[in-house]
Each structure stands twice: as structure tokens, then as C-alpha cells.
Amino acid sequence: MDCNITYANVHEWTFINDRQKGLIAVLNEEVPRAEHRHCAKHLLSNLQKRFKGVSVEDKFWACSKASHVPMFQDAMERMKEVSKEAYDWLSEESPRYWTRSHFNDTVKCDMVCNNLCEAFKNSILEAREKPIIEMLEWVRCYFSNRMLIRREWIQKFSNELLSNPYAKLEESLHESSAKKDKPERYIHHWCSKISYINAYQPLVNPTNGYKMWPKTEFSPVLPPTDRRKQGRPKKKRILGAKKYINPKYPHKLRKIGQNSIFWSKCGQHSHNRRTCTAPMAEESGDTSRATTIVATSVDVGVGRGGVQGRGERSGV
């Protein structure tokens, strides 16, 4: 894919990966001057596999979202107080990849997670099951409509700054002595309304339908053989263990992904009578526990002549 990455503008790009070893090597070889980062969410998932606890997670996000180096060092010291092993594990990771305090300030992007990719995959969930041409047309229409909505939305702002930078500026004015001066000139122009308008100014042009495509002498491309897998097709991605926690009851465990099945004959979890591998009662010589399960259904009704009848059906 041609992203118009040149030697002159490669330092303006930021690549956030999931710490794949092969991808890191390729990025260091192809775009060494670009900003490389590791997704903090995936780094936290690897951390929680070794060191569990809510305190470790809170201290990790404090380290990852620290805005300057002294703040990052103070957050790491608090992490050390909670878990020395988690502190040692994070110390092996270079902070330039996962904390804001060590990011390159040339790139005006402070994201520590690849939430943009996750949000994009969730937005095109409807188009993922369509054929390739229809899927691309759906994505084109989606982007065209989204850019139109953003252009109309930004016109409602009367301030020179966007909403989030303006709110942070208002908070800082209460504790600052720069009220007499123009505080807007201390904010980077990328946070201004003009930059936002320029970002959504390009248009997504429509394309011709298949009836207007040029004709060729080659044979038409046939679709691949339909190979349906067993079971219902999965549309949603596999969620991590953290996604199953109910935010209303964070300390209450759910049955999903846990050993909720219990077989009382052998006293073990994660299986039932059908999948139990323990020796049965006949094999161990104990006949007191060798019973036959009989399913009995009782039907009660009124017979002819007003006589009430009772019938039983039994099956092994």
C-alpha cells in the first residue's frame, strides 16, 4: 500500500504495533526514522499473565500516561511498592515505546493504544461479511459520510481550539498567571480548529459502477470455492479475559471461561459424568454407588366417567 511515505516526511509517522517480533524488525529496517510504539493494552495483557491484581493495572496506566519523566519515575516507584517483580519486568521494556513521557515530541500524537484500529474494525463489522467489491464500496460510502459529518460538526465551534484542548486550557487558567496574555498562542496549531478543518477537507470521490468498467479479453475472475466451516460463523473477535468482567460488578466472576462444571462422583471440576476419566463404581468394586439413573415422567389426568387416572412412564 502506497502511503506516500518518503525520506523527508517519515519522521512525521507513528507506528503502533502489538509487540510482534517480526513486525518490529521490519519497521526498524524499512522506516527507522519513524516513531515506533507498543500498544499499552497488549503490554498490560502480557503483564497481567504474570502479575495479577487491580493495583498493578492502576499503577501501569499511571506509568504509561505520565506526561513527563519525573512523573513517570514517581509512578514507577509506586509500582515498585506494589510489586517488585512487576517493576523489574517493566524495567526491561524501553520506556520510549510505551509511555508518553519518553515519546518523540515531533509527532503530535500521544496515543498509547491502537484504539483507532479497534474502533475501525468495530465500525466495519457489517461490511466484513460482504464480497470484496461490495465491502470496499461500503467502506468508501462510510468514509464519505463520516467526513461530511465531521465537516459540519466543526462549524459549530466558535473557539479557535478544539473542545478537549480548550477544556484543559480552562482548567490550567485557574492555577496559572497567564490570564492577562493570550493563552491560545501556547497551544500547538495541530489542536486548532483550522487544522481540524484541513484534515477533513479532502473529498472521497465516487467511483463508476461495474457496468462502466473497461472490457478486457481475459477470462473473468471467478470467486473462490465456498468452504463453510462447521458451526455458526463468528463475526465478533475473541475477547480477552478482562472483557468478561462486568463493570457494574468488577469483583464478581462470571461463568464464561471458568471451571463452572463440577462432577460430584469424583469431586473434580471442569468435566461432567460423560467426560469423567475416573474409574467407575463397578471397576472399583464399590457397588453402593453404582446406581441406574431412571427418568420418570408422571402424567396426571382425568379419565372417562370423571375417574382420575395416574400413569407413569419410565425409561433407562
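Residues numbered from 1 in each chain as written. Predicted model: local features only at pLDDT ≥ 70, side-chain atom pairs only at ≥ 80, totals over all residues. Heavy atoms only, no water.

Caption draft 1: Looking closely at the overall build of the chain. Helix and strand counts for the chain stand at ten helices and six strands. Counting across all 316 residues of the chain, residues that qualify as buried make up 20%. The long-range share in the chain, meaning contacts at least 24 apart out of those at least 6 apart in sequence, stands at 47%. Approximately 25400 Å² of the chain is accessible, and the part contributed by carbon and sulfur atoms is 54%. (Helix = DSSP H or I, 4+ residues; strand = E, 2+ residues; numbered from the N terminus. Buried < 20%, exposed > 50% of the residue type's maximum accessible area, 1.4 Å probe, protein only. Contact = heavy atoms within 4.5 Å. Areas by Shrake-Rupley, 256 points an atom, 1.4 Å probe, with all protein chains shown as cover.)

Caption draft 2: The arrangement of the environment of Arg 37 in detail. Tracing the backbone shows Arg 37 in strand 2 (residues 35–38). With 13 residues separating them in the primary sequence, Arg 37 and Ile 24 have C-alpha atoms 9.5 Å apart. In this view, Arg 37 contacts Thr 14, Phe 15, Ile 16, Asn 17, Tyr 97, Phe 103, Cys 109, Asp 110 and Met 111; residues no more than four positions away in its chain are not counted. There is a polar contact of 2.7 Å between the side chain of Arg 37 and the backbone oxygen of Cys 109. (Polar contact = N/O pair within 3.5 Å; in protein donor to acceptor, adjacent residues only side chain to side chain.)

Caption draft 3: Here's a closer look at the pairing of strand 2. Of the two faces of strand 2, the one carrying Glu 35 and Arg 37 and the one carrying His 36 and His 38 are both buried. As paired strands, strand 1 (residues 14–17) and strand 2 are joined by four bridges and run parallel to one another. Bridging from a neighbouring strand, Ile 16 pairs with Arg 37 of strand 2. For the segment spanning strand 1, helix 1 (residues 21–30) and strand 2, crossover handedness is right-handed. (Pairing = 2+ DSSP bridges. Right-handed = clockwise from strand over helix to strand, strands pointing away.)

Caption draft 4: Quick look at the nonpolar core. Core analysis: the biggest nonpolar cluster contains 23 residues, and Leu 47, Phe 60, Trp 61, Met 76, Met 79, Leu 90 and Trp 98 have the highest contact counts within it. Non-local contacts of Trp 98, meaning those with residues more than four positions away in its chain, are made with His 38, Leu 43, Phe 60, Cys 63, Ser 64, Phe 72, Met 76, Leu 90, Glu 93, Phe 103 and Val 112. (Core = buried A, V, L, I, M, F, W, Y, C linked by side-chain atoms within 4.5 Å.)

Caption draft 5: Spatial organisation of helix 5 (residues 84–91). Among the residues making up helix 5, those that are buried are Ala 86, Tyr 87, Trp 89 and Leu 90. Taken end-on, helix 5 shows its buried residues confined to a sector of 165°, consistent with a single buried face. Where helix 5 is buried, its residues contact helix 2 (40–50), helix 3 (54–64) and helix 4 (69–82). (Arc of directions from axis to C-beta.)

Caption draft 6: Representation of the pattern of salt bridges within the structure. The tally for this structure, following the rule as stated, stands at five salt bridges. Between Lys 121 and Glu 118 there is a salt bridge, and its shortest N-O distance comes to 3.7 Å. Of this pair, Lys 121 and Glu 118 both sit in helix 6 (residues 115–123), three residues apart, which is roughly one turn of the helix. On the basis of relative accessibility, which here comes to 23%, the residue Glu 118 falls in the partly exposed class. A salt bridge links Arg 140 to Glu 137, with the nearest nitrogen and oxygen atoms 2.7 Å apart. One end of the pair is Arg 140 and the other is Glu 137, both in helix 7 (residues 132–154) and three residues apart, which spans about a single turn. (Salt bridge = Lys/Arg side-chain N within 4 Å of Asp/Glu carboxyl O.)

Caption draft 7: Structural detail: the packing of aromatic side chains. Taken as a whole and judged by the stated rule, the model has ten aromatic pairs. An angle of 70° between the planes, with centres 5.8 Å apart, marks the rings of Phe 72 and Trp 98 as edge-to-face. Residue Phe 72 is found in helix 4, and its partner Trp 98 is found in the loop between helix 5 and helix 6; the two are separated by 26 residues along the sequence. On the basis of relative accessible area, Trp 98 is assigned to the buried category, the value being 1%. With 5.8 Å between their ring centres and 25° between their planes, Phe 120 and Phe 143 make a pair best called stacked. Placement of Phe 120 in helix 6 and of Phe 143 in helix 7 is noted, with a sequence separation of 23 residues between them. Its relative accessible area of 32% is what places Phe 120 among the partly exposed residues. (Phe/Tyr/Trp six-rings, centres within 6.5 Å; stacked < 30°, edge-to-face > 60°.)

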